[in-house]
Amino acid sequence: MTALAVDERQVKRRVGSGVALRVLGRLGSAVLVLFAAASATFFAQALLPGDRATLLLNQRTGQTEARSDEELAPIRAEYGFDDPILLQYADYLGGLLSGRLGVSYQMHQPVEALIAEQIPSTLLLTVTALAVAWVLTVIWTVATTRRSARIDAIGSGVETVAAGLPPYWLGVILLVVFALGLGWFPVIGGSEAARLVLPALTLGIPLAGFMGQATRAAFERALDEPFVTSARMRGMSDLGVRVWHVLRHAALPGITLSGWALGSLISGAVIVETIFARPGIGRVLVSAVNSRDLPVVGGVVIVVALVYVVVNLVVDLAYSAVDPRLATE
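Summary of the structure given here. What you are looking at is a predicted structure, and each value in this text was computed from that prediction instead of being measured.

## A word on the side chain of E273
Okay, so step 1: Inspection of the secondary structure assignment puts E273 in helix α10 (residues 238-275).
Okay, so step 2: Within the buried set, E273 has no salt-bridge partner at all; the shortest N-O distance to an opposite charge, 5.5 Å, is to R278.
Okay, so step 3: When sequence neighbours within four positions are dropped, the list of residues in contact with E273 reads T122, L125, R278, P279, G280, I281, G282 and R283.

Given below as structure tokens:
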């Protein structure tokens, strides 16, 4: 066995160990984040002003009034509100570990069933918006970065404006222009693909502005690297160099932002689903907050936190795959 082969095996072993340690560290962080989110959700429900049994009974009867202890006793016994707070906390954590998020005060259904029914629509919207943001970022960055001083300035200016667009304002403008004015997309009804375009653009355009700013800076640095000069000397076209060599190195900041962006997109979906009257956990959350349906509010918070940590874990692994040097750090 040659010295070169031995060195390659040592490098692969070091990279594998680095990836394993990185994954274990991220898993530990993810568990801590979920534990903190679950604890904060429980104590926010338990310590809010007002009696939970009275709130629940008033929602069941549709009448807001003071309740006697005799009326509230069955509710407190059913939900364990008379148990010590630490025992309620332990039962709550045990329920989460078994996949139970409680029962909706308003709908009288398991919260996990309500969320499972609505979350596919929200995930479809957020993933599509993220894809739209990536497509716009890649095309705009490759097309405008360091073409000329004027084009570069226009590119940066458009990214800054796009990043500052509030989704609620952009959503209303897109709805008025392209649905009500031009009639290109349905206001209500139509196919799922047609109804998805404007909401995805509402979330994707501002995100493309943020990602474009980060990607442009990395793209400019990569253009100065020696491998770019080498590729040009081998006769590769300017577009080929930008797409096949520069873009790969410039994509790392965008990949990092994608983990944060998905959590941000789910939060933004609350507004977009309301504007475009789309189903999803955003509308469920708004309805639950208005009716003080605390188990549903808590369930949505925990599910969003779970999606957030899982996506960030995947993004971290993708980061190591794009640039294996990070695994050895």
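Structure shown, so let's carry the discussion forward.
## Overview of the environment of L56
Okay, so step 1: Within the element layout of this structure, L56 appears in helix α2 (residues 52-61).
Okay, so step 2: Since its relative accessible area comes to 0%, L56 is described here as buried.
Okay, so step 3: The spacing of L56 and L294 is 238 residues in sequence and 9.8 Å in space, taken between C-alpha atoms.
Okay, so step 4: Apart from residues no more than four positions distant in its own chain, L56 is found in contact with I75, Y79 and Y105.

## Thoughts on the packing of aromatic side chains
Okay, so step 1: What the rule picks out here adds up to five aromatic pairs.
Okay, so step 2: Measuring from centroid to centroid gives 5.4 Å for F42 and Y92, while their planes differ by 40°, and the two rings are tilted. Note that F42 is positioned in helix α1 (residues 3-47) and Y92 in helix α4 (residues 85-97), a separation of 50 residues in sequence.
Okay, so step 3: Seen in terms of ring centroids, F178 and W184 are 5.6 Å apart; in terms of plane orientation they differ by 45°. Their pairing is tilted.
Okay, so step 4: Residue classification places W184 among the exposed positions, given a relative accessible area of 57%.
Okay, so step 5: In textbook terms, an aromatic cluster arises when at least three aromatic residues are bridged by ring pairs, as seen for F42, F43, Y89 and Y92.

## Quick word on the nonpolar core
Okay, so step 1: Formed by 38 residues in total, the largest nonpolar core has its most connected members in I115, L207, L265 and V296.
Okay, so step 2: Broken down by secondary-structure element, the contributors of at least two residues to this core are α5 (111-144), α7 (167-181), α8 (192-223), α10, α11 (281-290) and α12 (294-322).
Okay, so step 3: Apart from the residues within four sequence positions on either side, L265 is in contact with T126, A129, L130, L203 and L207.
Okay, so step 4: Listed in part, the eleven residues of the second largest apolar core include V142, L223, A231 and V246.

## A word on the pattern of salt bridges
Okay, so step 1: This structure, assessed with the given rule, holds six salt bridges.
Okay, so step 2: D224 is paired through a salt bridge with R146; the nearest N and O atoms lie 2.8 Å apart. In this pair, D224 is assigned in the loop between α8 and α9 (226-233) and R146 in the loop between α5 and α6 (149-163), connecting sequence segments 78 residues apart.
Okay, so step 3: Residue classification places D224 among the exposed positions, given a relative accessible area of 53%.
Okay, so step 4: Measuring nitrogen to oxygen at the nearest pair gives 2.7 Å for the salt bridge that ties D238 to R147. One end of the pair, D238, is in helix α10; the other, R147, is in the loop between α5 and α6, with 91 residues separating them in the sequence.
Okay, so step 5: Relative accessible area serves as the criterion here: at 27%, D238 is assigned to the partly exposed category.
Okay, so step 6: Residue R147 is classed as partly exposed on the basis of its relative accessible area, which comes to 37%.
Okay, so step 7: Each of the salt bridges in this network shares a partner with another, and the network as a whole consists of R147, R232, D238 and R242.

Criteria and thresholds
Residues numbered from 1 in each chain as written. Predicted model: local features only at pLDDT ≥ 70, side-chain atom pairs only at ≥ 80, totals over all residues. Heavy atoms only, no water. Helix = DSSP H or I, 4+ residues; strand = E, 2+ residues; numbered from the N terminus. Buried < 20%, exposed > 50% of the residue type's maximum accessible area, 1.4 Å probe, protein only. Lys, Arg positive; Asp, Glu negative; His and termini not counted. Salt bridge = Lys/Arg side-chain N within 4 Å of Asp/Glu carboxyl O. Contact = heavy atoms within 4.5 Å. Phe/Tyr/Trp six-rings, centres within 6.5 Å; stacked < 30°, edge-to-face > 60°. Core = buried A, V, L, I, M, F, W, Y, C linked by side-chain atoms within 4.5 Å.

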